[in-house]
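Residues per chain, in single letters:
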Amino acid sequence: MAINTYELTWDLDVFFEGGSSSRDFTDHLEKLKEQLAEFAAAVEDWEIPVSSSDETLVKLLEKFQAVSQNLRQAGAFVSCLQAQDTNDTRANELRGMVTTLSSSLSTILTNFDEKLLNIQEGIWNELLEQNALKPLNFVLNERRKKAAEKLPKDQEALINALSIDGYHGWGEMYDTIVSQVKIPFEENGEKVELSVGQAANKFSSSDREVRKRIFAEWEKAWDKQADLLAGTLNHLSGFRLSVYKQRGWDQILKEALDYNRMKQETLDVMWKVIADNKQPFANYLKRKADLLGVEKLSWADLDAPVGELGTSYSYQQGAEFILNHFEDFGDELTQFTKKAFEDRWIEAEDRAGKRPGGFCTSFPVSGQSRIFMTYSGTPSNVSTLAHELGHAFHSFALKDTHPLNRGYAMNVAETASTFAEMIVSDAAVSNAKSDDEKLVLLEDKIQRSVAFFMNIHARFLFETRFYEERKKGMVSKKRLNELMEEAQKEAYVDSLEEYHPLFWGSKLHFFITGVPFYNFPYTFGYLFSLGIYAQAVKEGKGYEQKYMAMLEDTGSMTVEDLAMKHLGVDLTKREFWEEGVKLCIKDVEEFMEMTNK
Ligand SMILES: [Zn+2]
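What counts, and at which threshold
- Residues numbered from 1 in each chain as written.
- Predicted model: local features only at pLDDT ≥ 70, side-chain atom pairs only at ≥ 80, totals over all residues.
- Heavy atoms only, no water.
- Donors = N, O, S within 2.8 Å, 3.2 Å for Na, K, Ca; no water.
- Tetrahedral: all angles 85-135°; square planar, octahedral: opposite > 155°, others 65-115°.
- Helix = DSSP H or I, 4+ residues; strand = E, 2+ residues; numbered from the N terminus.
- Expected span 1.5 Å × (residues − 1).
- Bend = angle between axes of the 7 residues up to and from the residue.
- Buried < 20%, exposed > 50% of the residue type's maximum accessible area, 1.4 Å probe, protein only.
- Contact = heavy atoms within 4.5 Å.
- Polar contact = N/O pair within 3.5 Å; in protein donor to acceptor, adjacent residues only side chain to side chain.
- Core = buried A, V, L, I, M, F, W, Y, C linked by side-chain atoms within 4.5 Å.
- Pairing = 2+ DSSP bridges.
- Axes fitted to C-alpha atoms, helices over the stretch in contact; angles between N-to-C directions.

1. Overview of the coordination of the zinc ion
Link 1 in the chain: Distances from the zinc ion to its protein donors, namely His387 (NE2), His391 (NE2), Glu414 (OE) and Glu414 (OE), fall within the range 2.1 to 2.6 Å.
Link 2 in the chain: If you look at the zinc ion, its four donor atoms make angles of 52 to 138° with each other, and the shape they trace is irregular.
Link 3 in the chain: Considered as a linear motif, the donors of the zinc ion on their single chain read H-x3-H-x22-E. Of the two residues, His387 and His391 both sit in helix H15 (residues 379-397), four residues apart, roughly one turn of that helix.

Following this line, the structure appears as structure tokens:
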């Protein structure tokens, strides 16, 4: 392979030249504002079709599509600006402008949806037979069904207005409380106050004394805020439940399942299979306790390292490692990845002033993506890079589909990314230079399974039980602690000596208002991509075309149909889930073997 030197910074000028002071970008926003006004007027003037040959819906959808793509392009650009420099205040102003434009689109769409709902059933079905609308049947029917399950337009508009302070406001309140949490800690004889993020890093310390001490301070700090946190959680969930009640929804998971386009049955069987297969993971936790020289693990030990990693990879080496192993899977992924490196789609430089974490965002108007991360040379950086490239490849696979068919949900969003990450982390394990290194890499994989099968499971058990109790009234902080500890004991099958009852307060995900039940889709995505991975390993290079065809359908099908069409499996049955869990158990078995000395 010809060796190119890849740059560590990305190119945003191809979209809009000049960063946050770009003239091109302000022009884009101006144009977008006009487009929105035009779309609003067109929806307002739209006369509900009364004949099957009416073409006004097609025309409206063209406008909708153009507006939403331009809006996403704008949002992606601002996200990149904000992430690359947290001191860029102009970027924050631009974010405000984009948010305003997004909310005016939502208002227009409420009007649009109500008109969709008023189209008479027979005409509706005939309209869907039109050539231009046929490929959009799934998303259009979904819109209409969702509109039908909501309250009349005026009432939904009122809920929207009230939710700014009465719902999302509580989510923001959570951020405010967390920003004030300080965790006192003594280090090298000096007393320091750590932020939540800094303290969390200490849980991966190799010194147990440090981990136990930070955990005790951590619990104390959250307990201090527990009244405020409990009030916030109760009001946030109370608002959500009141809206559900008004709409006549009595299943607390309804919104979450609809959003993820999946059946309750699928969710139930997934958890059932996981619950039935916990023993190997409990054995792993026991072995980890042995390796750390303790009787039973504490919550504070879960992230503790079992060994040390010598190897570090330069960015160039990381890129080449990824390319080499993608090559075993398929040419499209490899060529795509090469292009992403060459055309500077990736911001990886390790410098101050960048936002932590990683993400991938797509620029639909340009048909490109951008990846953000901070690369410092660890194997986990290489995995993250592969993960984000997987997200970018997902967008690439969708490039020829109708823009309205590209909206995939959280549970399938992590499919392509986990898949790409798996290719690289499996390769890393088999290429390990020593047993020590292999063990660390293997444990990294197992920890991921433990997170999805135990930690996320605990969150799901807690959250469903909490919402059921909340229906009957306020839930006290004492009760919240109890519910959490019970859920953790169940999810970790009593493997730990000490749990984290205040986890309901320390974990942001319970306070996210945009997406309800921000937990089970993670586990779904993980196992779903494992199932696909298992098939890819079996079928070799020829699998790529099938894989891409599956990705292409992720925005326009239920997950059950997607799995049936492309994998030939029934997600409401145990088999598929068992296959995926088995792969994870294999890692544990190897780990047990290696540490059986
Ligand atoms: Zn991801």
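Now that the structure has been shown, we can carry on.
2. Quick look at helix H18 (residues 435-470)
Link 1 in the chain: For H18, with 36 residues, the first-to-last C-alpha span of 50 Å sits near the 52 Å given by 1.5 Å per residue.
Link 2 in the chain: In the structure, H18 departs most strongly from a straight axis at Ala451, where the bend amounts to approximately 35°.
Link 3 in the chain: Taken across its 36 residues, H18 has 27 buried, putting it largely inside the fold.

3. Quick word on helix H1 (residues 23-45)
Note: α-helices contain 3.6 residues per turn, so residues at a spacing of three or four share the same orientation.
Link 1 in the chain: Between its terminal C-alpha atoms H1 stretches 33 Å, which fits the 33 Å expected from 23 residues at 1.5 Å a residue.
Link 2 in the chain: Looking at the packing, one finds that the buried side of H1 touches helix H2 (56-84) and helix H3 (89-117).
Link 3 in the chain: Sitting at the head of H1, Ser22 places a side-chain oxygen 3.2 Å from the backbone nitrogen of Asp24.

4. Topic: the nonpolar core
Link 1 in the chain: With 144 residues, the main nonpolar core has Phe462, Tyr492, Trp504, Phe520, Phe528 and Tyr547 as its most contacted residues.
Link 2 in the chain: Beyond its immediate stretch of four places on either side in the chain, Tyr492 contacts Leu285, Trp299, Leu302, Val450, Met454, Asn455 and Tyr499.
Link 3 in the chain: Counting residues in hydrophobic clusters, the runner-up holds 46 residues, among them Trp10, Phe25, Leu101 and Val139.

5. Considering the sheet that holds strand E5 (residues 359-363)
Link 1 in the chain: Read from one edge of the open sheet, three strands run E4-E6-E5, paired in mixed fashion. Each having just a single partner strand, strand E4 (346-347) and E5 make up the two edges of the open sheet.
Link 2 in the chain: Bridge analysis of E5 against strand E6 (residues 368-372) gives five bridges, and the strand direction is antiparallel. Note that in E6 the partner of Phe363 across the bridge is Gln368.
Link 3 in the chain: Against the sheet, H2 contacts E5 and E6, and its axis sits at roughly 145° relative to E5.

6. Some thoughts on the environment of Ala536
Link 1 in the chain: Here Ala536 is to be found in helix H21 (residues 520-539).
Link 2 in the chain: The class of Ala536 is buried, set by a relative accessible area of 8%.
Link 3 in the chain: For the pair Ala536 and Lys546, spaced 10 residues apart in the sequence, the C-alpha separation amounts to 9.4 Å.
Link 4 in the chain: Ignoring sequence-local partners within four residues, the contact set of Ala536 consists of Phe329, Phe419 and Tyr543.

Purely geometric stuff here, so don't read any function into it on its own.
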